[in-house]
Amino acid sequence: MQFTKMHGLGNNYIFFNLLEMPMDNQDFEQLARTVSNVNTGIGSDGMILICPSEVADYKMRIFNEDGSEGKNCGNGLRCVAKYLFDHMYATSTAFSIETLGGIVHVKVEPDKKRIVQSVTIDMGKPQLTKEMIPMKGDPETQTINEQLEIGERSFQMTCVSMGNPHAIIFVDDVEAFPLEEIGPEIENADLFPERVNLGIVQVKSRHEIHYRVWERGSGITMACGTGACAAVVAATLNHLVDRYIPITVHLPGGQLTIRWDENNHVWKRGEAAYICYGEFITDTIF
Ligand SMILES: N[C@H](CCC[C@H](N)C(=O)O)C(=O)O
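Fair warning: this is a prediction, and the values are worked out from it, not measured in the lab.

Rules of the game
- Residues numbered from 1 in each chain as written.
- Predicted model: local features only at pLDDT ≥ 70, side-chain atom pairs only at ≥ 80, totals over all residues.
- Heavy atoms only, no water.
- Core = buried A, V, L, I, M, F, W, Y, C linked by side-chain atoms within 4.5 Å.
- Buried < 20%, exposed > 50% of the residue type's maximum accessible area, 1.4 Å probe, protein only.
- Helix = DSSP H or I, 4+ residues; strand = E, 2+ residues; numbered from the N terminus.
- Domains from an automatic or database assignment.
- Contact = heavy atoms within 4.5 Å.
- Buried area = accessible area lost by both parts, 1.4 Å probe.
- Salt bridge = Lys/Arg side-chain N within 4 Å of Asp/Glu carboxyl O.
- Polar contact = N/O pair within 3.5 Å; in protein donor to acceptor, adjacent residues only side chain to side chain.
- Nonpolar A, V, L, I, M, F, W, Y, C, P; charged D, E, K, R; others polar.
- Near = heavy atom within 4 Å.
- Areas by Shrake-Rupley, 256 points an atom, 1.4 Å probe, with all protein chains shown as cover.

Caption draft 1: Broad picture of the nonpolar core. Phe95 and Tyr211 are the most contacted members of the largest nonpolar core, which has 54 residues in total. The element contributing the most residues to this core is helix H4 (residues 225-237), with eight residues. Two domains each put at least three residues into this core: domain 1 (2-123 + 271-279) and domain 2 (146-264). When sequence neighbours within four positions are dropped, the list of residues in contact with Phe95 reads Asp57, Tyr58, Ala81, Leu84, Ala90, Val104, His105, Val106 and Val108. Ranked by size, the runner-up nonpolar core spans 22 residues in total, among them Ala167, Ile169, Leu191 and Phe192.

What follows is the structure, given as structure tokens:
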């Protein structure tokens, strides 16, 4: 089984191209756990499938390291967009990709050798009601800087869905926050019936933030594209950054530019890169 390993700001995935290699009745959750594990596979933050779509130009499915299927993946989308254009599937620089969290529209920026250097993605509209996150509580209300009890502790949280669920906590120092300890506690809190990604945000100015993530199903990663979008939405809702302007988000793996525009769409621009191509020897996997 041919694979490609790629990353977006260090958030890395094993990609299988199902446009060329259909995988019928496959246990994708088990396959994701196997290939993401450095002892039984290559090691990565998860697995991404590039598939045909009936409703968009292409379809992306994303599986976390623990095998759970995510509904969206901002860094993964930039990698998929680059792969599709570089490998001549996409002939236009603008095309659409279906995800479980909705259809997104991408625009790739190729260089003179027709290799994509940067990708801009319209990540669509953020969802803010408790019903859409999803989280327990009055379904129509939003969670903006709400004091929430998690086990023995309580946290001031803002919750945003970018097709996948994010809880955002604002802190004075992202590096000092005990993410390894608090991350799993919040990820698995019964407040979030589908679990949650936890983002920690330190505001540097009206147009710049620092962000670290504990990802649902993958733990601490170098970057989270949907999380960076959720962080900008949360910071805007709390009046900590200016609305409508491009916000620079510094993540451990690099930076993204995010803009929440006048039409309530969140735009993300950043890079994607190849790591390696390879082949899994199937009799050790199936
Ligand atoms: N762990 C996430 C999926 C990956 C999101 C992240 N890698 C990104 O770039 O958006 C979830 O289960 O919702």
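Caption draft 2: Just the domain arrangement of the protein, in detail. For the protein, the assigned domains read domain 1 (2-123 + 271-279) and domain 2 (146-264). Distance from the C-alpha centre of domain 1 to the C-alpha centre of domain 2: 23 Å. Across the contact, 19 residues belong to domain 1 and 21 residues belong to domain 2. Each partner contributes to the roughly 1400 Å² buried at the junction of domain 1 and domain 2, and carbon and sulfur atoms together form 47% of this total. On the domain 1 side of the interface with domain 2, the three residues burying the most area are Leu9, Lys71 and Met123, jointly 38% of the side's total. With its nearest N and O atoms 3.3 Å apart, the salt bridge here joins Glu194 to Lys71. Taken together, domain 1 and domain 2 are joined by 11 residue pairs in polar contact (both at pLDDT 80 or more). Elements that contribute at least two residues to the side of domain 1 that touches domain 2 include exactly strand E2 (11-17) and helix H2 (74-86). Top element by residues in the side of domain 1 that touches domain 2 is H2. It accounts for three residues. When the residues that make up the side of domain 1 that touches domain 2 are grouped by side-chain class, the tally is four nonpolar, 10 polar and five charged.

Caption draft 3: Layout of the pattern of salt bridges. Tallying each qualifying case throughout the model produces 12 salt bridges. Of the charged contacts in the structure, one is a salt bridge between Glu109 and Arg269, with a shortest N-O distance of 2.6 Å. Of the two residues, Glu109 is situated in strand E7 (residues 102-110) and Arg269 in strand E17 (residues 266-270); the sequence distance between them amounts to 160 residues. In this structure Glu109 comes out as partly exposed when scored by relative accessible area, which is 28%. Between Glu262 and Arg259 there is a salt bridge, with the nearest N and O atoms lying 3.5 Å from each other.

Caption draft 4: The site of the ligand, seen in detail. Looking at the ligand, there are 16 residues lining it, with Asn11, Tyr13, Glu215, Arg216 and Thr226 nearest. Between the ligand and the protein, one listed contact pairs an oxygen atom with a backbone N or O atom of Gly74 at 2.9 Å. The backbone of Gly225 places a nitrogen or oxygen atom 2.8 Å from an oxygen atom of the ligand. In the complex, the protein chains occlude 100% of the 360 Å² of accessible area that the ligand would expose alone. Breaking the shell around the ligand down by element, the ones donating at least two residues are E2, strand E4 (58-64), H2 and H4.

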